[in-house]
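Analysis of the macromolecular model
Here is how the chains run, residue by residue.
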Amino acid sequence: MASPPEGLYDLSQAHDLPVELTLLAAFAVLALRHGGEPEQATVSAEDPVCQQVFALDLTGNPSFADLLARLRKQTSAEPQAPLRIALSSGPALTITRSADGLDTRIDHPADWTPRWHCLLAAAVAQPDLPVTRLPIVPPAEREVLLGEWSRTSSSTPPAALVNQLVEAWAERTPDAPALAQSGRSLSYAELNANANRLAHWLARQQVGPEVPVALYGGSTIAMLTSMLAVVKAGGYYIPLDVAAPPARTSEVLAECAPRLILTETSHAARLTGGAWTIHDVTTIDLTDYPDSNPATAAHGENLAYVMHTSGSTGRPKGVAMPHRALVRILDWYVTATEIEPGANVLQFSALGFDASFCEIFGTWHAGARLVLLPGEDVRRDPEALLDLLESERIEHLEAPYSGLLNIAHWAVRPDGRRVIPLRSMVTGGEALVMAPDLVHWLEQLPGCMLRNGYGPSETSVATTHWLRGDPAGWPKLPSIGRPITDASVYLLDAALQPVPAGVTGELYVGGPIVARGYAGAPGLTAERFVADPFSPVPGSRMYRTGDLARHRPDGELEFLGRADRQVKIRGHRIELGEIEARLLEHPQVSEAAVTLHDDETGPSLVGYVVARDPASAPTVQELRAYAARILPEQLVPARFVLRSAMPLTPTGKLDLAALAPEPEPPAAAPAEPEPVSGTVTALLAIWRDVLAIPRIELTDDFFELGGHSLLATRVISRVRTELGKRVLISDMFEYPTVQLLATRIDDTASLGGK
């Protein structure tokens, strides 16, 4: 800085401070805004006797003037130049006096210098502004952050309503296959005609724009036809989870108050209680209803669906998505995924997950063939899924990361290889890690692309990153990429200002793809859907995701986790996701999680690690030494716990609440009963290894011990390899104890099965 900003000396004089300490204050704020939290600064002159340590009290978000007043109380003499100012966290600043004035040099990458100039000018101009609101992003960088890095392009929707996308293909290629399940198939003309008849019937039941219809069933031809019929009638559908407890279903129904519920015979009996109008869609007489496209007053701002997600209050919240957002998302989805007319696409997700909408209507928008699972239990059976992918010649597959990993674990077995013409995989919903099994499976699928997507339910999709070429060369932790068409994605601080590249910020998503809000929850909608100050379109809103990320130097977004997983230990703000990301870089680590544990000794970090190969797992001492090499001291976990697998929630995501702070010591237990067969002995050994529990009783429930579908897959894989017996994933749920499963295996063998 050849010359300080005008007013710097006047500001220093007004606070009776040497100008060097005013520069120190600004330097501390700059470090704070870059994610550090300096607690003190050591100011050193050429004469070490002159060294002085200053406390930097940045608590309470003081104004810059207040910070200068706090420093004034600590100084008693004019510092001697040249000075070197070293912060407790962050880089150093050197100040040199010369005939031309003060010269400053920051011991940090060059991008800090223009930010330093920006901050200092703002602090001098507005010293009463809180330090977290002082701008640090210079105009040139701000233009990049809010321009090419925050948005890509806009589009003109191909239609106003999502159902019109299907109707176009029914007219263009009426005989092309649109929907298939277990040997049954519907052409586009048949699908459209069937949905039209039901839509006319729904209109007779007073279903129209802004009128909800609940769907209670699995992914069947009847349910998907009903879904299409509801939007054709102008209403919006609300998918209910058939696996949810009745109390949860009742909560959703009470909140959304549907005009009626469409279900199927196999599920109707579960809908008990409440004065709901329930219709079995398979028994409705539609003989006298026309098969023409119904006229409707619906427009782009009307709702197409409301899908419920868990809320922080424990009550489900309904994300209300209008046609306006969905037609844009679908158009991008088909183009980006390169789905061609006639291609075979698997419908994997449950209907209550927003990914199912893109799978279903994206396939139909492309004029492709949608293949449904033969049963809901197939979704968690990797062997059955591989068989289906092969027999139906699936070309496009979308599944959450845990789902892909479950399939990959089986696909890389010697007997798991299948000939599958997959051209693309899409994953999202949780952080993608290129685990060895996933890499090896992709290597069996030459030319297959993998898309890592990010997007909360409130936008469905927001960013995307494609991985192409040799999977062995892909990064272990791929980025979440850049914004999709029609999305504006910002990384902002607490003052809703853009953070510089490399600095952690909260993700906000704007643009016409954003949901209307939460159904029946105006207060929560106002809290999470806020005005977009960067959009040129008046009235635009952006969704506050609560997720943290940072821009890489090339503009790609790196996902870091939830904002509410930020912790503070001994004055240091710590992002647990950052530690997890670094642990995952260890060559022998396949999964990692970090939590904050608080006991009588105070708060401490605990790291949980799953080894890639249990036979060569790193020791706790090795993990601690590794972390100490690559992380600042305050980010190194105090303890490490080795696990065979991470606990998962019912939706397949990491269950942080189920992580114990340290391994439970083996408890004294009754003597283990004598095994009744070699099968029992083998199963006990397999369960102990997979669950990492040293003592398991014959009657212990696998899932109550912490097992889940991914671990169940590993059990049946081991049973196949070590016992030569075929066990289905459904067997693990039906016979969840060693005793029951061993009996099942032995009985099957005695009947001549394998």
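Predicted model only: the values in this text are computed from it and were never measured. (Residues numbered from 1 in each chain as written. Predicted model: local features only at pLDDT ≥ 70, side-chain atom pairs only at ≥ 80, totals over all residues. Heavy atoms only, no water.)

1. Section: the overall build of the protein chain
When helices and strands are counted, the protein chain shows 22 helices and 31 strands. For 754 residues, the compact-globule estimate of 2.2 N^0.38 gives 27 Å, and the C-alpha radius of gyration of the protein chain, at 30 Å, lies within 12% of that figure. The principal-axis extents of the C-alpha atoms in the protein chain amount to approximately 95 × 70 × 50 Å. Among the 754 residues that make up the protein chain, the fraction classed as buried is 55%. Across the protein chain, every contact between residues at least 6 apart in sequence was considered, and the portion connecting residues at least 24 apart equals 66%. Counting only carbon and sulfur atoms, one obtains 52% of the accessible surface of the protein chain, whose full area is about 31,600 Å². Each charge sign in the protein chain was given a centre, from 62 positive and 89 negative side chains, and these centres are 1 Å apart. (Helix = DSSP H or I, 4+ residues; strand = E, 2+ residues; numbered from the N terminus. Rg over C-alpha atoms; globule rule 2.2 N^0.38 Å. Buried < 20%, exposed > 50% of the residue type's maximum accessible area, 1.4 Å probe, protein only. Contact = heavy atoms within 4.5 Å. Areas by Shrake-Rupley, 256 points an atom, 1.4 Å probe, with all protein chains shown as cover. Lys, Arg positive; Asp, Glu negative; His and termini not counted. Charge placed at Lys NZ, Arg CZ, Asp CG, Glu CD.)

2. Describing helix H15 (residues 436-443)
Within H15, the full set of buried residues consists of Leu438, Val439, Trp441 and Leu442. Looking straight down H15, one finds its buried side chains confined to an arc of 165°; they lie on one side. Tucked into the core, H15 has its buried residues touching helix H13 (382-391), strand S16 (396-398), helix H14 (401-411), strand S17 (424-427) and strand S18 (449-454). (Arc of directions from axis to C-beta.)

3. A word on helix H12 (residues 355-365)
The element H12 is extensively covered by neighbouring structure, given that ten of its eleven residues are classed as buried. Of the residues one or two after H12, glycine 367 is the one with positive phi, at around 75°.

4. A look at the side chain of serine 717
Tracing the backbone shows serine 717 in helix H20 (residues 709-723). Those residues in contact with serine 717, other than ones at most four positions away along the chain, are His409, Trp410 and Arg413.

5. Examining the pattern of salt bridges
Tallying each qualifying case throughout the model produces 26 salt bridges. Where arginine 70 meets aspartate 57, a salt bridge forms, and the shortest distance between an N and an O atom there is 3.6 Å. Taken as a pair, arginine 70 in helix H3 (residues 64-72) and aspartate 57 in the loop between strand S2 (52-55) and H3 lie far apart in primary sequence, 13 residues in all. Relative accessible area serves as the criterion here: at 35%, aspartate 57 is assigned to the partly exposed category. Arginine 369 is paired through a salt bridge with glutamate 392; the nearest N and O atoms lie 2.8 Å apart. With arginine 369 in strand S15 (residues 369-372) and glutamate 392 in the loop between H13 and S16, this pair connects stretches of sequence that are 23 residues apart. Arginine 369 gets classed as buried once you look at its relative accessible area, which sits at 16%. Salt bridges sharing common partners tie together Glu383, Arg413, Asp415, Arg720 and Arg726. (Salt bridge = Lys/Arg side-chain N within 4 Å of Asp/Glu carboxyl O.)

6. Thoughts on the packing of aromatic side chains
Per the counting criterion, the structure on display carries eleven aromatic pairs. For the ring pair tyrosine 305 and phenylalanine 357, a centre distance of 5.3 Å and an interplane angle of 55° mean the geometry is tilted. Taken as a pair, tyrosine 305 in strand S12 (residues 303-309) and phenylalanine 357 in helix H12 lie far apart in primary sequence, 52 residues in all. Pair check on accessibility: tyrosine 305 and phenylalanine 357 agree, each one buried. Relative to tyrosine 543, the ring of phenylalanine 529 lies with its centre 5.0 Å away and its plane at 45°, an arrangement referred to as tilted. Within this pair, whereas phenylalanine 529 is found in strand S24 (residues 529-531), its partner tyrosine 543 is found in strand S25 (residues 541-551), the two being separated by 14 residues in sequence. Among the residues examined, phenylalanine 529 registers a relative accessible area of 5% and is labelled buried. Residue tyrosine 543 is classed as buried on the basis of its relative accessible area, which comes to 4%. Three or more aromatic residues joined by ring pairs form one cluster here, namely Tyr237, Tyr305, Phe357, Phe361 and Trp364. Positioned over the ring face of tryptophan 169 is arginine 172, at 4.2 Å from the centre of the ring. For the cation-ring pair, arginine 380 lies above phenylalanine 733, with the distance from its terminal atom to the ring centre recorded as 3.6 Å. (Phe/Tyr/Trp six-rings, centres within 6.5 Å; stacked < 30°, edge-to-face > 60°. Lys NZ or Arg CZ within 6 Å of the ring centre and 35° of its normal.)

7. A short note on the packing of helix H19 (residues 678-691) against H20
The description of two helices packed together rests on the angle between their axes and the distance between the axes. As a packed pair, H19 and H20 sit with axes 10 Å apart at the nearest point and diverge in direction by 140°. Considering the angle they form, H19 stands oblique to H20. By crossing handedness, the relation of H19 to H20 is classed as right-handed. Contact residues: H19 offers Thr679, Ala682, Leu683, Ile686, Trp687, Asp689, Val690 and Leu691, while H20 offers Leu711, Val715, Arg718, Val719, Glu722 and Leu723. Each residue belonging to the contact of H19 with H20 can be placed in one class, and the counts come to ten nonpolar, one polar and three charged. (Axes fitted to C-alpha atoms, helices over the stretch in contact; angles between N-to-C directions. Parallel < 35°, antiparallel > 145°, perpendicular 65-115°, else oblique. Left-handed = near helix turned anticlockwise from the far one by under 90°. Nonpolar A, V, L, I, M, F, W, Y, C, P; charged D, E, K, R; others polar.)

8. Here we look at unusual backbone geometry
Unusually for a residue other than glycine, alanine 257 sits at a positive phi of about 45°. With respect to the helices and strands, alanine 257 occurs in the loop between helix H9 (246-256) and strand S10 (260-263). Looking at alanine 257, the relative accessible area reads 49%, which means it is partly exposed. Residues other than glycine seldom take positive phi values, yet glutamate 338 does so here, at roughly 60°. One can find glutamate 338 in the loop between helix H11 (323-337) and strand S14 (344-347).

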